[in-house]
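# Close look at the chain arrangement
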Amino acid sequence: MSASIALVDDDRNILTSVSIALQAEGFTVRVYSDGETALKAIIENPPDLVVLDIKMPRMDGMELLRRLREKSAVPAIFLTSKDDELDEALGLAMGADDYITKPFSQRLLIARIRAILRRTEARAQPEPDPSEAPPPEKIVRGRLSMDPARHRVQWNGADVTLTVTEFMILEALAQRPGFVKSRDQLMDAAYQDDVYVDDRTIDSHIKRLRRKFRQVDGDFKAIETLYGVGYRFSEE
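Criteria and thresholds
Residues numbered from 1 in each chain as written. Predicted model: local features only at pLDDT ≥ 70, side-chain atom pairs only at ≥ 80, totals over all residues. Heavy atoms only, no water. UniProt positions renumbered as here; feature names shortened; annotations may be inferred. Buried < 20%, exposed > 50% of the residue type's maximum accessible area, 1.4 Å probe, protein only. Helix = DSSP H or I, 4+ residues; strand = E, 2+ residues; numbered from the N terminus. Core = buried A, V, L, I, M, F, W, Y, C linked by side-chain atoms within 4.5 Å. Contact = heavy atoms within 4.5 Å. Pairing = 2+ DSSP bridges. Right-handed = clockwise from strand over helix to strand, strands pointing away. Axes fitted to C-alpha atoms, helices over the stretch in contact; angles between N-to-C directions. Parallel < 35°, antiparallel > 145°, perpendicular 65-115°, else oblique. Left-handed = near helix turned anticlockwise from the far one by under 90°. Nonpolar A, V, L, I, M, F, W, Y, C, P; charged D, E, K, R; others polar.

The protein goes by DNA-binding response regulator in an unreviewed UniProt entry, where it is assigned to Sphingomonas oleivorans. UniProt's Subcellular location (unreviewed entry) comment on the protein is quoted here verbatim: "Cytoplasm".

### Notes on unusual backbone geometry
Here Arg58, not a glycine, exhibits a phi torsion of approximately 70°, which is positive. Under the relative-accessibility criterion, Arg58 is labelled exposed at 57%. Its identity is not glycine, yet Asn156 carries a phi of approximately 55°, on the positive side. Relative to the helices and strands, Asn156 is located in the loop between strand S8 (152–155) and strand S9 (158–159). The exposure class of Asn156 is exposed, given its relative accessible area of 51%.

### What to know about the environment of Asp188
In this fold, Asp188 is placed in helix H7 (residues 183–190). Residues Asp188 and Ala172 lie 16 residues apart in sequence; the distance between their C-alpha atoms is 9.6 Å.

### Focus on the nonpolar core
One finds Leu144, Val153, Leu170 and Phe213 to be the most contacted residues of the largest nonpolar core, which totals 25 residues. At 6 residues, helix H6 (residues 164–174) tops the list of elements feeding residues into this core. Leu144 has contacts with Ile139, Val153, Gln154, Trp155, Leu170, Ala174, Phe213 and Phe233, leaving out every residue within four places of it along the chain.

### Side note on the UniProt feature "modified residue: 4-aspartylphosphate" (unreviewed entry) in the protein
Per the UniProt entry, the sites bearing "modified residue: 4-aspartylphosphate" (unreviewed entry) are Asp53 in this numbering. Locating Asp53 in the fold gives a position in strand S3 (residues 49–53). Owing to a relative accessible area of 7%, Asp53 belongs among the buried residues under this scheme. Beyond its immediate chain neighbours, meaning those up to four positions away, Asp53 contacts Val8, Asp9, Asp10, Gly61, Phe78, Leu79 and Lys102.

### Observations regarding the pairing of strand S1 (residues 4–8)
Among the 5 residues that make up S1, 5 are buried, leaving the element largely enclosed by the rest of the structure. Residues Ser4, Ala6 and Val8 of S1 are buried on one face, and the alternating residues Ile5 and Leu7, pointing to the opposite face, are buried as well. Here 5 bridges tie S1 to strand S2 (residues 28–32), and the two strands are oriented parallel to one another. Among the inter-strand pairings, Val8 is bridged to a residue of S2, identified as Tyr32. The β-α-β motif built from S1, the intervening helix H1 (residues 12–24) and the parallel element S2 has right-handed crossover chirality.

### Some thoughts on the packing of helix H2 (residues 35–44) against helix H3 (residues 61–69)
One way to put it is that H2 packs onto H3 with a least axis distance of 9 Å and a crossing angle of 20°. Considered as vectors, H2 and H3 are oriented roughly parallel to each other. Classified by chirality, the crossing of H3 by H2 is right-handed. Here Gly35, Ala38, Leu39, Ile42 and Ile43 of H2 come into contact with H3, specifically with Leu64, Arg67 and Leu68. Residues belonging to the contact of H2 with H3 are distributed by class as follows: 6 nonpolar, 1 polar and 1 charged.

Written as structure tokens, this is what we have:
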């Protein structure tokens, strides 16, 4: 069964050209020209992934994603204005899995969609039969507990809800506490198949990870920045 994509943008040219490109790749595409209409339809009939513009009439993309996140963890990719760092940071902070700046390559968008869907599908696989294969081992690092089989993260026993991308970045850091991971290494962990992202994307994900952990522990400092080098996880 083909994956379903909800495409939300008030630009008719983008709706037409992108939906044709996605359909040619085997996706089922539903298009919406404003956030209000899209919100109702997506909640009633959730797609596998949402691609949405930020600046739209009636309800912008930020508000649309905020409301979606109250009810759904559906993966989302933001389309944002070129070089608008504020849009990018806010989009990731609101819970987007990725963003692409306009004008964009349709090949790049399709590659990002496929990468996120593969990661989401891998995390959603049922737990293996214990008689056949052992489940992935839990990662316990000080006050951090990660359960890859259940996509569950806890800090001091409190649940921390992460997107697939955030989970994979944190997992890469927590696997070897004290060791520095460069941005390129974190990109490789979170974005496979040579999907290009720039340094700002990783930095934005790290900021959002810290923000989420500080919601349960205001003194959270386990993800450290080594300027000019990368990031590392400290067991404290």
